[in-house]
Amino acid sequence: ELGVCYYPEQWPRAKWEEDAARMVELGLAWVRIGEFAWSRIEPQSGVFHWEWFDEAVDVLGKAGLKVIIGTPTAAPPKWLVDRYPDILPVDARGVVRKFGARRHYCFSSQRYRLEAARITEAVTQRYGAHPFVHAWQTDNEYGDHDTIHSYSRAALHAFREWLAERYGTVEELNRAWGTTFWSMHYNSFDEVDLPNNLVEEPTPTHLVDYFRFSSDQVQSFNKAQVDIIRRHSPGRPVTHNFMSQNTDFDHYKVGEDIDIASWDVYPMGGLINGRLSAEEKQRYLRVGDPDQPAFNHDLYRAVGRGRVWVMEQQPGPVNWASHNQSPADGMVRLWTWLAYAHGVDMVSYFRWRQAPFAQEQFHAGLLLPNSEEDQGFKEVAQVIAEMKRLPKGEKRGKASVALLLDYDSRFATRALPQGRDYAASAIALDWYSAISRLGVDVDFIGQHCDLDGYRLVVAPDLVIPDADFIARLKASDVKVLFGPRSGSKTRDMHIPGDLPPGVLGDLLDFRVTRVESLPAFQAETVLYGNTSHQTTRWRETIRTTETVLATFQGDYRPDSPALIGNEKARYCATLPRDEFLLKLMGDTLAWANVGSLPDLGDLRLSRRGKLHFAFNYGSATASAPAAADATFLVGGRSVAPADVAIWIQSTQDAAIK
Amino acid sequence: ELGVCYYPEQWPRAKWEEDAARMVELGLAWVRIGEFAWSRIEPQSGVFHWEWFDEAVDVLGKAGLKVIIGTPTAAPPKWLVDRYPDILPVDARGVVRKFGARRHYCFSSQRYRLEAARITEAVTQRYGAHPFVHAWQTDNEYGDHDTIHSYSRAALHAFREWLAERYGTVEELNRAWGTTFWSMHYNSFDEVDLPNNLVEEPTPTHLVDYFRFSSDQVQSFNKAQVDIIRRHSPGRPVTHNFMSQNTDFDHYKVGEDIDIASWDVYPMGGLINGRLSAEEKQRYLRVGDPDQPAFNHDLYRAVGRGRVWVMEQQPGPVNWASHNQSPADGMVRLWTWLAYAHGVDMVSYFRWRQAPFAQEQFHAGLLLPNSEEDQGFKEVAQVIAEMKRLPKGEKRGKASVALLLDYDSRFATRALPQGRDYAASAIALDWYSAISRLGVDVDFIGQHCDLDGYRLVVAPDLVIPDADFIARLKASDVKVLFGPRSGSKTRDMHIPGDLPPGVLGDLLDFRVTRVESLPAFQAETVLYGNTSHQTTRWRETIRTTETVLATFQGDYRPDSPALIGNEKARYCATLPRDEFLLKLMGDTLAWANVGSLPDLGDLRLSRRGKLHFAFNYGSATASAPAAADATFLVGGRSVAPADVAIWIQSTQDAAIK
Amino acid sequence: ELGVCYYPEQWPRAKWEEDAARMVELGLAWVRIGEFAWSRIEPQSGVFHWEWFDEAVDVLGKAGLKVIIGTPTAAPPKWLVDRYPDILPVDARGVVRKFGARRHYCFSSQRYRLEAARITEAVTQRYGAHPFVHAWQTDNEYGDHDTIHSYSRAALHAFREWLAERYGTVEELNRAWGTTFWSMHYNSFDEVDLPNNLVEEPTPTHLVDYFRFSSDQVQSFNKAQVDIIRRHSPGRPVTHNFMSQNTDFDHYKVGEDIDIASWDVYPMGGLINGRLSAEEKQRYLRVGDPDQPAFNHDLYRAVGRGRVWVMEQQPGPVNWASHNQSPADGMVRLWTWLAYAHGVDMVSYFRWRQAPFAQEQFHAGLLLPNSEEDQGFKEVAQVIAEMKRLPKGEKRGKASVALLLDYDSRFATRALPQGRDYAASAIALDWYSAISRLGVDVDFIGQHCDLDGYRLVVAPDLVIPDADFIARLKASDVKVLFGPRSGSKTRDMHIPGDLPPGVLGDLLDFRVTRVESLPAFQAETVLYGNTSHQTTRWRETIRTTETVLATFQGDYRPDSPALIGNEKARYCATLPRDEFLLKLMGDTLAWANVGSLPDLGDLRLSRRGKLHFAFNYGSATASAPAAADATFLVGGRSVAPADVAIWIQSTQDAAIK
Ligand SMILES: [Zn+2]
Ligand SMILES: [Zn+2]
Ligand SMILES: [Zn+2]
């Protein structure tokens, strides 16, 4: 189903009915409102103006739309900030971040938690049982504008309490943090500071604990809202709209407290800010990184334990990246089908109509500011027409391959990158991309997840493995490919006692005796099969009794293992990219007995139930690898640039044996 | 006439007579003094030491020099700062900017306004009627070192008052700022903050209003000084020495309160900090951007409503750019003639003698620190000799082409650039340069200016047009070429109700339905005539009933209009540069019936009355496009690098039909 | 002799004996301990836990190791910081730099000086006469993490006192600082502020005085510790471990108060952060800049007045650079021999065993965290075996060439660089490198040093010459080559009265009439002999009666002198690099009658007594330029990459006539 984000408070009352009617006429089923309306709902302390919101819900609901209400806590009103200035967050320099945009609150402010509960209580009391209200969103985009980490007094005190809870005794903290180093010993939890404005980097365990603490603050802040919503609005699903690839907090943990994970899809800015080279960015400028949206659909499907929505879908050019190009015509349709193909059950466009004022006035809507239909509107209409040709009720099946994304490991790499431009997020996306180019569907897992049904787990950066997870992996018949640095730290951010890979050693016998971070200008040669490849950024020296599948060559330690493995597990001691990575993934899939296709180039595939999808991100027409007996429901075997094909076939897909 | 900046307080008393005599002997007529002398005039609170200043004025005046006194408010003394610490400005991070250099005051400090008035009163009382004092300068270089914008408590309160004045009611502010967005509603003006240290960008109207407020603070600060000067020194002209291309405040408004606009000419740093590519910077390294000084002469001629001086002319290498190359020998002479050709009536060199101490000890003077004549001295002597060959009293005539520079529009682009490196100043200079390369003189106008006598207005970036200006334009027979983004915002920083170009639609029927900011690596192809050109940075999608004069080509929306027009107006939907821009300007001049010449390359022309000037910025000798009957007063038809030719001819100039 | 840095507080008590035994078995003679142990020695105010430290000294000493104790003042404990928060340093933004790493103290804090004296007193009282304690180190790496410059209240008050001491009267300060400029006059020392957070740069004398003050604060802080140590531990040498190429304080002055200068050798990070181009960095990635370690050995030999140690030698990859590559196998051995060849009498590796926790867990040791021998361990063993083949007691002789490094001049260039990327440190290293490539040994001198025995002084950047030094130079028969900017400032940071080179004019008759800093993209052509070379960054215009040895060519002031000289002195008016610099140095050595060799490429030589050393930094085998009668003690004539040759020969070395 499709929906749209709407801000009745931003438009004259006279337009609401017409807007609602046009939404329904277009074929939209859902509408999200309210997440930035606090100052309109409660313009002064304790003075509530519900009437306009009542009316808005009424108008939308009566038109036939299912309403999602966002709790308005992402943007507390000025009167509240003036009354309680210490709800404001403090940046890493120690400067208070002022009112005037959004997300101007500190997750650790007890006062703000009370106020957030108060307004959530008020809104859910009033609309919890409203027949037109079908779902709830908590807050908005946790982590946007770097707001997970606050360095306030409130954060300091909460951090000390969190540490006391985690460690029990300060001596245990001293042990974990290694405070025998540099005379850092603490005599009590109250001596511990936040890790900002230091002379030099703090001990990495200090940083990782601060990241974990900050993550837990988000979880508990969100949970408090969910509890209130569930109390007043039982039976309606609760979601939160996550950001793409934010790793400032553990999304799985927040995901456990909600019913559906949703995320906000902005591929144009994602390209500009993303992992690709300048040449690749030019090539994909108006279609975006061919893998970044799919990666996130699959990730948030895991975060939502199977249920995933898109709460905001980019409908045209936006405003917030360093440059803001237009999507190619057709991409709004393509992204909508892509979401569906990856298991998304609701796509809501952001926003109905472009606002002619305020910060996002360069952000497109389905309508132009003068209410004309923009390009996105027309593409949504096309999708809706096409949807009618498809069978209902198809469900995304489980994949054979699971990609492991572990937030604790990301905290670890951030705290101690060792190389300035070491980019764990980009590495994971590179790995995902290689698998996708071979036509294979991917699920995401965390270490807490069930492994049943998978043939292969790929773990590009499992820095801190759980012993329990490794044990379950060992007990299963799943094969696994680890990236470099996997197993390199314990939960305390120490090097494992008998060297990395620590508990991974249960799967694969080797020791990492030396690591190097390398500048981009340095290429290391790796001989894999009969071919030499170049890698950069990271190289490890390994001692192993396992089979050596690739070796480093060149002046420095030639013949040192670059890839090792046994029947169960493989470990890569460097960062393959491009051809090397593609070949490595192809071989790994074959090893795990997962069917794959030859390199698809700029084409991408996906399956949902019996539906097969192909998406063309290239600038030339491509051929969909459909079976000879394929019946095309949308498009055809020949897929134009920015176009989509959807088909059914009886023959089994080569990539899903 | 020529002059020089002199600092008697920096030199032994014994040198003054000799210095004055050498100035006169060289042929200088003017001398500027006093603008940094406060701590010498009033070394302690209320203790005035006038005797040395009296003497200095006497020595200079008796030698035959006309004295310009600068009010010393650009550098309040330490005892004053210590007594009233809140006169110091506060930077955008919230940090107080300390004493120890200059411009360490906040324009909003009421205390500083009192003190500035007090010292101005004291100085003008004493010297206002002095027979040797012929002119006044207020303060020094408003805006240098980013000092227009202060984030002090004083600025906060003044801003709130300014907003109350502008909007009357807070609800009107809420409407204009669009505070229904992100829950930003204000209940009173006292809730409004300064737009710094926010979590994310403030609403752009907040920013633009802060820029307007800051601009108005400069105007009123300056006006207060002018009023005092006029009271005590009636009949002497008042000037201010502006900086080149500073757009932090509305120079036209300050210009209205003074008699003569002057500006400070530093082409070497202008090149290093300027718009050109690294290759171009290398090519013009020691001659400077061939258009930047001329652009500013023409601009400040408009700011001074016809009267323009150069208060500081670079006489050799300086100290403040990232790199400080020497001008080519001959350039001090060339710049002096350039100023004269563009209507400048007085050129004062900065400075008489290089200081061997303090911040500017690497800043050349006409004399070296040991009082030897430096290269600039010799070139000034040459100019003075050459001047005697020229007829007196020639006035710069009105041009056929007016370039519109609108400060409010610059505030708008700065507040909401949409592309990180979108550079409105560089675009305007590019346009000016293209016209200049075709041999055509240019005037500058603001929207308040009279249009009489112009055939063509070029408006590279009129983001916020006044309805009145557009109406006057429409009523005139002036043709107009608009650059992209023209008309894209209302005075409230909103998108116009029926889409851009808002009120420009009265001249040309089109709508901008989509804009894109593009990274430098992305080139868009534009077909203009039979030639394809590349543009980058900005592209608009336009719907129009007017004639399409150029189109975009390529994969994305091919044949979309890139340049449109009717008999009155043309609009360009992208950013032409180089060949494309030159061709566009050539065609536009022809369309407006303005005569022009073939591309002059590195030669530049100018006319002042019946005098014709040519300036060679290239590295090869060039031929001045003088008529066959030309009589050369300075130089000849063949113009060497860094050289000048001045002639009279009876034949009409092809570029001034 | 060799040693190692050890942290008993970081390891279980049970490991100490085994560690000590392995150290001795490897052949180490020294062990440094204690410099970060304050919080373990005094975990609460006044509560001392000596027993573990007693035991550590005992265990190490009884095993046969000579103990060096570092005073633990580089890392005061948290309880102390909490009790006296104003001991923390303040950064240039005005932000307090917090506890949690190290060096979190302000040199100007009187409170911290008392506390540092108290703990130093306590430690030296207890161990000063201990038979196992053979040497002392003060604090640790003064200047690391940019900690020389603090902007605290304490620094402010101390700076004012320092100024009063230096200038006597505030009018003398006003004269020196040139406060007639920009109205900067001070009425008392108490009006003077620290030079941070100004609107624009302060007067350069203000900055240079602040740098001198900060330097003096380090000296007096260190001296206080040395005095205490000498009182309680007479006869044991005192050292401090300096950082490579730090120029934040005058190392000669600190060196005068200690017995031995030591420094910390990290060539891998030195390469990454250093002067070389990206291509050169790639070429030398795992061997490091071939001249940077040698440069520092020679420099600190001067700082230690002949006695130099390496307190920390990199034993493998480390953690603190932007990228952290591994040294090539063999380099730990090579660096050890290099140190010895340059006169170093003790090399201590940092550290015994890699720590598995805290900030430096990626920093290699001789042992891996699990106590396995790492590569460095094996190379140390090799060095120790090889050492036995060498005659004992060889002393590094005096060189014929002295390179002048003057810290006051570095402060001057830092305060007033004139070109943003002007890098005096890199220039000095370039000059050193050119001499080294010609096979010639170098000593370092300051202006206070004796000139006896030198044939040539090279002074790449003697900005502020002492008249006394110049007089001694003139009176000697030493020849001298000056780099650009030499003599360009007086001690007050003024341009000399009759232009630069000020007092250098006693040696060479010329005047610098103009200087230019140039961007990297601008090349100036210099004709030297029959060859044209390119220089960039800096060019001077010179007037001289001396012989012109090279000239600038091109459009700007062709034939202007680029290199001038007489029989005593030469002066270069630009920055030669690469071939030009090599040729210039070759000619200069010949002029000074110093023997040299043809360009050695990537080979480097050194002599210690009768021992000759060759070090190969290239990727191909090189031939050691040993005499025909050479006897090789280590290696042979053919030197492999990363390898060393050591020989004795009876024939005199061509490069040491
Ligand atoms: Zn109401
Ligand atoms: Zn006086
Ligand atoms: Zn104890």
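Please refer to the structure higher up on the page.
The text that follows walks through the structure, step by step, so that each part is easy to find. These numbers were taken from a predicted model, which means no experiment stands behind them.

## Quick look at the nonpolar core
Proteins that are soluble and globular tend to have nonpolar side chains buried together.
Okay, step 1: Grouped together as the largest cluster of nonpolar side chains are 636 residues, with contacts concentrated most on Leu-28 of chain A, Leu-28 and Phe-482 of chain B together with Leu-28 and Phe-482 of chain C.
Okay, step 2: The contacts of Phe-482 of chain B, once residues within four sequence positions are left out, are Trp-431, Ala-459, Leu-462, Ile-470, Leu-473, Leu-504, Leu-507, Ala-569, Arg-570, Tyr-571 and Cys-572 of chain B.

## Concerning the packing of aromatic side chains
Okay, step 1: Taken as a whole and assessed by the stated rule, the structure comprises 136 aromatic pairs over all chains.
Okay, step 2: Measuring from ring centre to ring centre gives 5.9 Å for Trp-177 of chain B and Tyr-186 of chain B, while their planes differ by 90 degrees; the resulting arrangement is edge-to-face.
Okay, step 3: Between Phe-295 of chain B and Tyr-432 of chain B, the aromatic rings sit 5.3 Å apart at their centres with planes inclined by 75 degrees, giving edge-to-face as the arrangement. Of this pair, Phe-295 of chain B sits in helix H12 (residues 292–303) while Tyr-432 of chain B sits in helix H16 (residues 424–437), and the two are 137 residues apart along the sequence. The same class applies to Phe-295 of chain B as to Tyr-432 of chain B, namely buried.
Okay, step 4: Of the aromatic side chains, those joined through ring pairs into one cluster are Trp-38, Tyr-105, Phe-107, Tyr-112, Tyr-142, Phe-221, Phe-242, Phe-249, Trp-263 and Tyr-300 of chain A.
Okay, step 5: The cationic tip of Arg-111 of chain B hangs over the ring face of Tyr-84 of chain B; the distance from NZ or CZ to the ring centre is 4.2 Å.

## A few points about the sheet that holds strand S15 (residues 531–535) of chain C
Residues and elements named next belong to chain C.
Okay, step 1: Reading across the sheet, the 9 strands line up as S10-S9-S11-S12-S19-S18-S17-S14-S15 and stay open at both edges, with mixed pairing between neighbours. The open sheet terminates on both sides in strands that have one partner only, identified here as strand S10 (442–445) and S15. Neighbouring strand axes in the sheet, compared pairwise and without regard to direction, differ in orientation by 20 degrees on average.
Okay, step 2: The sheet contact formed by strand S14 (residues 524–528) and strand S17 (residues 547–553) spans 4 bridges and is antiparallel. Across the sheet, residue Leu-527 finds its bridge partner in S17, namely Thr-551.

## Brief notes about the coordination of the zinc ion (ligand 1)
Okay, step 1: Taken together, the protein ligands of the zinc ion (ligand 1) are His-49 of chain A (ND1) and Glu-51 of chain A (OE), with distances of 2.2 to 2.3 Å.
Okay, step 2: Given the relative accessible area of 45%, Glu-51 of chain A is considered partly exposed.

## Things to note about the interface of chain C and chain A
Okay, step 1: In this complex, chain C contributes 66 residues to the contact, which on the side of chain A involves 54 residues.
Okay, step 2: Across the contact surface, chain C and chain A share 6 salt bridges.
Okay, step 3: Arg-543 of chain A serves as the salt-bridge partner of Glu-372 of chain C, at 2.7 Å between the closest nitrogen and oxygen.
Okay, step 4: There are 29 residue pairs in polar contact (both at pLDDT 80 or more) connecting chain C and chain A.
Okay, step 5: Broken down by secondary-structure element, the contributors of at least two residues to the side of chain C that touches chain A are helix H2 (38–41), helix H4 (78–83) and helix H11 (278–283) of chain C.
Okay, step 6: Of the residues contributing to the side of chain C that touches chain A, the split by class is 29 nonpolar, 21 polar and 16 charged.

## Some remarks on the relation of the copies chain B and chain A
Okay, step 1: Superposing chain B onto chain A requires a rotation of 120 degrees together with a translation of 0.0 Å along the rotation axis, leaving an RMSD of 0.0 Å. In symmetry terms, the pair is related by a three-fold rotation axis.
Okay, step 2: Interface overlap between copies: only 2% of the residues of chain B at the interface are likewise at the interface in chain A, consistent with a contact formed by different surfaces.

## With respect to the environment of Thr-574 of chain A
Residues and elements named next belong to chain A.
Okay, step 1: Mapped onto the elements of the fold, Thr-574 is located in the loop between strand S19 (569–572) and helix H18 (578–591).
Okay, step 2: Residue Thr-574 is classed as buried on the basis of its relative accessible area of 0%.
Okay, step 3: When the C-alpha positions of Thr-574 and Val-515 are compared, they lie 9.6 Å apart, and in sequence the two are 59 residues distant.
Okay, step 4: Non-local contacts of Thr-574, meaning those with residues more than four positions away in its chain, are made with Pro-484, Val-526, Thr-535, Trp-538, Phe-552 and Ala-562.
Okay, step 5: In this structure the side chain of Thr-574 is engaged in a polar contact, spanning 2.9 Å, whose partner is the side chain of Thr-535.

The rules we used
- Residues numbered from 1 in each chain as written.
- Chains lettered and ligands numbered in written order.
- Predicted model: local features only at pLDDT ≥ 70, side-chain atom pairs only at ≥ 80, totals over all residues.
- Heavy atoms only, no water.
- Core = buried A, V, L, I, M, F, W, Y, C linked by side-chain atoms within 4.5 Å.
- Buried < 20%, exposed > 50% of the residue type's maximum accessible area, 1.4 Å probe, protein only.
- Contact = heavy atoms within 4.5 Å.
- Phe/Tyr/Trp six-rings, centres within 6.5 Å; stacked < 30°, edge-to-face > 60°.
- Helix = DSSP H or I, 4+ residues; strand = E, 2+ residues; numbered from the N terminus.
- Lys NZ or Arg CZ within 6 Å of the ring centre and 35° of its normal.
- Pairing = 2+ DSSP bridges.
- Axes fitted to C-alpha atoms, helices over the stretch in contact; angles between N-to-C directions.
- Donors = N, O, S within 2.8 Å, 3.2 Å for Na, K, Ca; no water.
- Salt bridge = Lys/Arg side-chain N within 4 Å of Asp/Glu carboxyl O.
- Polar contact = N/O pair within 3.5 Å; in protein donor to acceptor, adjacent residues only side chain to side chain.
- Nonpolar A, V, L, I, M, F, W, Y, C, P; charged D, E, K, R; others polar.
- Least-squares fit on C-alpha atoms with pLDDT ≥ 70 in both.

Function cannot be inferred from these measures alone, as they are strictly geometric.
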